[in-house]
Amino acid sequence: MPVLLQACLNGARSAHEHPALPLTAGRLAADARACVRAGAGAIHLHPRGGDGLESLRSGVVDPVVAHVRHACGVPVGVATGAWVEPDPERRAALVAEWREPDYASVNLSEPGAIEVMRALPVGIEAGVWSPEDAELLAASGIPVTRVLIEIIGGPAETAVARAQEIERVLDAAGNDAPRLVHGEEEACWPVLRHALATGRDTRIGLEDTLVLPDGTQAAGNAELVRVARELAAG
């Protein structure tokens, strides 16, 4: 079975970081459609309000997701980052109102993560950054759509070993949910290659990296997806 390649379109990045970074609903929809044509099977994005800032309000999240999914025809998920709404109770209340996302990612390392997961009325992508996060997920007993094994920060040389350590903790806990393995910045391409080699789902996009494997700047999300799909094909 082919691995799922998820396109992560924008993240928390600002417009000045890359000229092709999609922030509005229209640009996200066009970019998502191009990524699906290039080989993506799912989308992850961070919706913005009219002020250009990330928002967890259903009045922003639901219309953006619906617009993007209509354009690209594949599942669309969003983030629940504590940097958008630091108060855990308020964050849980906001996500409880969502109706359109197919799934939402929750970082286990953030305060209130378990409460946010319990409040979500949509599928859950459990963001696991460390063995401790993996243990917390196991202790929660909350069923999830998939586990995101996310290598955030640190040198590329240790990125794959860190991902493997998290996998071992999940295995020991008996967690059999699907796993998507990815890294950010310099860890992005080494971890993506590792995921492909081990048959794990993975993701790519301007949220995770601005450059191609050779270090040159990517033209945009669709090019990143195309290159990742070529790597997957061998």
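Above this text you will find the structure in question.
None of these values were measured; they are calculated from a predicted model.

Thresholds, definitions, all that
Residues numbered from 1 in each chain as written. Predicted model: local features only at pLDDT ≥ 70, side-chain atom pairs only at ≥ 80, totals over all residues. Heavy atoms only, no water. Helix = DSSP H or I, 4+ residues; strand = E, 2+ residues; numbered from the N terminus. Buried < 20%, exposed > 50% of the residue type's maximum accessible area, 1.4 Å probe, protein only. Contact = heavy atoms within 4.5 Å. Areas by Shrake-Rupley, 256 points an atom, 1.4 Å probe, with all protein chains shown as cover. Lys, Arg positive; Asp, Glu negative; His and termini not counted. Charge placed at Lys NZ, Arg CZ, Asp CG, Glu CD. Salt bridge = Lys/Arg side-chain N within 4 Å of Asp/Glu carboxyl O. Phe/Tyr/Trp six-rings, centres within 6.5 Å; stacked < 30°, edge-to-face > 60°. Lys NZ or Arg CZ within 6 Å of the ring centre and 35° of its normal. Axes fitted to C-alpha atoms, helices over the stretch in contact; angles between N-to-C directions. Parallel < 35°, antiparallel > 145°, perpendicular 65-115°, else oblique. Left-handed = near helix turned anticlockwise from the far one by under 90°. Nonpolar A, V, L, I, M, F, W, Y, C, P; charged D, E, K, R; others polar. Core = buried A, V, L, I, M, F, W, Y, C linked by side-chain atoms within 4.5 Å.

### Considering the overall build of the protein chain
When you go through the protein chain residue by residue, the secondary structure sums to 8 helices and 8 strands. When its C-alpha atoms are laid out on the principal axes, the protein chain stretches across 45 × 40 × 30 Å. In the protein chain, which comprises 234 residues, the proportion classed as buried is 53%. By sequence separation, contacts in the protein chain at least 24 residues apart represent 58% of the contacts at least 6 residues apart. In the structure as shown, the protein chain presents an accessible area of about 9,700 Å², 53% of it carried by carbon and sulfur atoms. Treating the 20 positive side-chain charges of the protein chain as one cloud and the 32 negative ones as another, the clouds have centres 5 Å apart.

### A short note on the pattern of salt bridges
In this structure the tally under the stated criterion is 12 salt bridges. Across the pair Glu 17 and Arg 13 runs a salt bridge, and its minimum N-O distance is 2.8 Å. A residue is classified by how much of its surface remains accessible, and Glu 17, at 28% relative accessible area, is partly exposed. Residue Arg 13 is classed as buried on the basis of its relative accessible area, which comes to 9%. In this structure, Glu 230 engages Arg 226 in a salt bridge whose closest nitrogen and oxygen atoms are separated by 2.9 Å. With Glu 230 and Arg 226 both in helix α8 (residues 221–233) and 4 residues apart, the pair spans about one turn of that helix. Among the charged side chains, a network of salt bridges with common partners joins Glu 167, Asp 171, Arg 179 and Arg 200.

### Side note on the packing of aromatic side chains
Ring pairs (aromatic) are described by centroid distance and by the angle formed between their planes. Under the counting rule described, the total for this entry stands at 0 aromatic pairs. Its guanidinium or amino end placed over the ring of Tyr 103, Arg 146 lies 5.1 Å from that ring's centre, counting from NZ or CZ.

### Quick word on the packing of helix α1 (residues 25–38) against α8
Between α1 and α8, whose axes approach to 8 Å, the crossing angle comes to 15 degrees. When the axes of α1 and α8 are compared, the pair comes out roughly parallel. Crossing of α1 over α8 shows right-handed handedness. Taken together, the residues of α8 that come into contact with α1 (itself represented by Asp 31, Ala 34, Cys 35 and Ala 38) are Asn 221, Ala 222, Val 225, Arg 226 and Arg 229. In terms of residue class, the contact of α1 with α8 is built from 5 nonpolar, 1 polar and 3 charged.

### Describing the environment of Leu 210
With respect to the helices and strands, the residue Leu 210 is situated in the loop between β8 (202–204) and α8. Between the C-alpha atoms of Leu 210 and Gly 59, which are 151 residues apart in sequence, the distance is 30 Å. When sequence neighbours within four positions are dropped, the list of residues in contact with Leu 210 reads Arg 13, Glu 17, His 18, Thr 216, Gln 217 and Ala 218.

### So, the nonpolar core
Of all hydrophobic cores here, the largest spans 67 residues; its most connected members are Ile 43, Val 68, Met 117, Leu 137 and Ile 204. Considering every element that reaches this core, the biggest residue donor is helix α7 (residues 188–197), with 6 residues. Ignoring any residue separated from it by four or fewer positions in sequence, one finds Leu 137 in contact with Leu 108, Met 117, Ala 126, Val 128, Ile 142, Val 144, Val 147, Leu 170 and Asn 175.

### Observations regarding the packing of α1 against helix α2 (residues 58–72)
The relative placement of two packed helices is expressed as an angle between their axes plus a distance between the axes. For the pair α1 and α2, interaxial distance at closest approach is 8 Å and the crossing angle is 35 degrees. Helix-helix and strand crossings are classified by hand; for α1 and α2 the assignment is right-handed. Contacts between α1 and α2 pair Ala 25, Gly 26, Leu 28, Ala 29, Ala 32, Arg 33 and Val 36 from the former with Val 64, His 67, Val 68, Ala 71 and Cys 72 from the latter. Of the residues that constitute the contact of α1 with α2, the class distribution is 9 nonpolar, 2 polar and 1 charged.

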